[in-house]
Amino acid sequence: MATITVRVTESEKQFLDAMAKFEGKSLSDLLKTTTLEALEDSYDAIVAEKAYEEYLVDPVTVSHDELMEDLGL
């Protein structure tokens, strides 16, 4: 497993330690899960915005039944 070093101020470290304790996680787990979740949310928002822009150019939709049929479900 790789190791990443992050430099923070003492007050930031105290806050992060308190949040880890509050969440019942190790500091490492808190930073990893919180960072990955935030990045995934950001990625999803960007992809959704691009999909919406494509939809505005060509606003074709299909019904739920049509989608299920296309997928063979």
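Our structure's up above, just so we're on the same page.
The rules we used
Residues numbered from 1 in each chain as written. Predicted model: local features only at pLDDT ≥ 70, side-chain atom pairs only at ≥ 80, totals over all residues. Heavy atoms only, no water. Helix = DSSP H or I, 4+ residues; strand = E, 2+ residues; numbered from the N terminus. Rg over C-alpha atoms; globule rule 2.2 N^0.38 Å. Buried < 20%, exposed > 50% of the residue type's maximum accessible area, 1.4 Å probe, protein only. Areas by Shrake-Rupley, 256 points an atom, 1.4 Å probe, with all protein chains shown as cover. Lys, Arg positive; Asp, Glu negative; His and termini not counted. Charge placed at Lys NZ, Arg CZ, Asp CG, Glu CD. Patch = residues over 30% accessible without salt bridge, like charges linked within 9 Å, V, L, I, M, F, W, Y side chains within 5 Å. Salt bridge = Lys/Arg side-chain N within 4 Å of Asp/Glu carboxyl O. Expected span 1.5 Å × (residues − 1). Phe/Tyr/Trp six-rings, centres within 6.5 Å; stacked < 30°, edge-to-face > 60°.

**Section: the overall build of the chain**
Then step 1. Looking only at helices and strands, the chain features 3 helices and 0 strands.
Then step 2. Ordered by position in the sequence, the α and β elements of the chain form the string α-α-α.
Then step 3. What you see for the chain is a C-alpha radius of gyration of 21 Å, clearly larger than the 11 Å of a compact globule of 73 residues, by over 25%.
Then step 4. Split into buried and exposed, the 73 residues of the chain put 4% on the buried side.
Then step 5. Per element, the accessible surface of the chain, about 6800 Å² overall, is 59% carbon and sulfur.
Then step 6. In the chain, 6 side chains carry a positive charge and 17 a negative one; their mean positions are 20 Å apart.

**Observations concerning a nonpolar patch on the surface**
Then step 1. A contiguous nonpolar patch, built from V62, L67, L71 and L73 and spanning about 420 Å² of accessible area, is present on the exposed surface.
Then step 2. Tracing the backbone through its elements, the reader meets L71 in the segment after α3 (64-70).

**As for helix α1 (residues 10-23)**
Then step 1. With 14 residues, α1 ought to run about 20 Å at 1.5 Å a step, and its terminal C-alpha atoms sit 20 Å apart, in line with that.
Then step 2. Note on α1: the residue one or two positions beyond its end, G24, has a positive phi of about 70°.

**Focus: the environment of L36**
Then step 1. Inspection of the secondary structure puts L36 in helix α2 (residues 27-57).
Then step 2. Looking at L36, the relative accessible area reads 45%, which means it is partly exposed.
Then step 3. Distance from L36 to K21, taken between C-alpha atoms, is 19 Å for residues 15 residues apart in sequence.

**Some details on the pattern of salt bridges**
Then step 1. Counted by the stated rule, this structure contains 2 salt bridges.
Then step 2. Close ionic contact of D17 with K13 constitutes a salt bridge, the shortest N to O distance being 2.7 Å. With D17 and K13 both in helix α1 and 4 residues apart, this pair spans about one turn of that helix.
Then step 3. Given the relative accessible area of 33%, K13 is considered partly exposed.

**So, the packing of aromatic side chains**
Then step 1. Counting across every chain of the model gives 1 aromatic pair.
Then step 2. Ring centres of Y52 and Y55 lie 6.3 Å apart, and the angle between their planes is 25°; this geometry places the pair in the stacked category. Taken together, the residues Y52 and Y55, both in helix α2 and 3 residues apart, mark about one turn of the helix.
Then step 3. Assessed through its relative accessible area of 45%, Y52 is described here as partly exposed.
Then step 4. Residue Y55 is classed as partly exposed on the basis of its relative accessible area of 36%.

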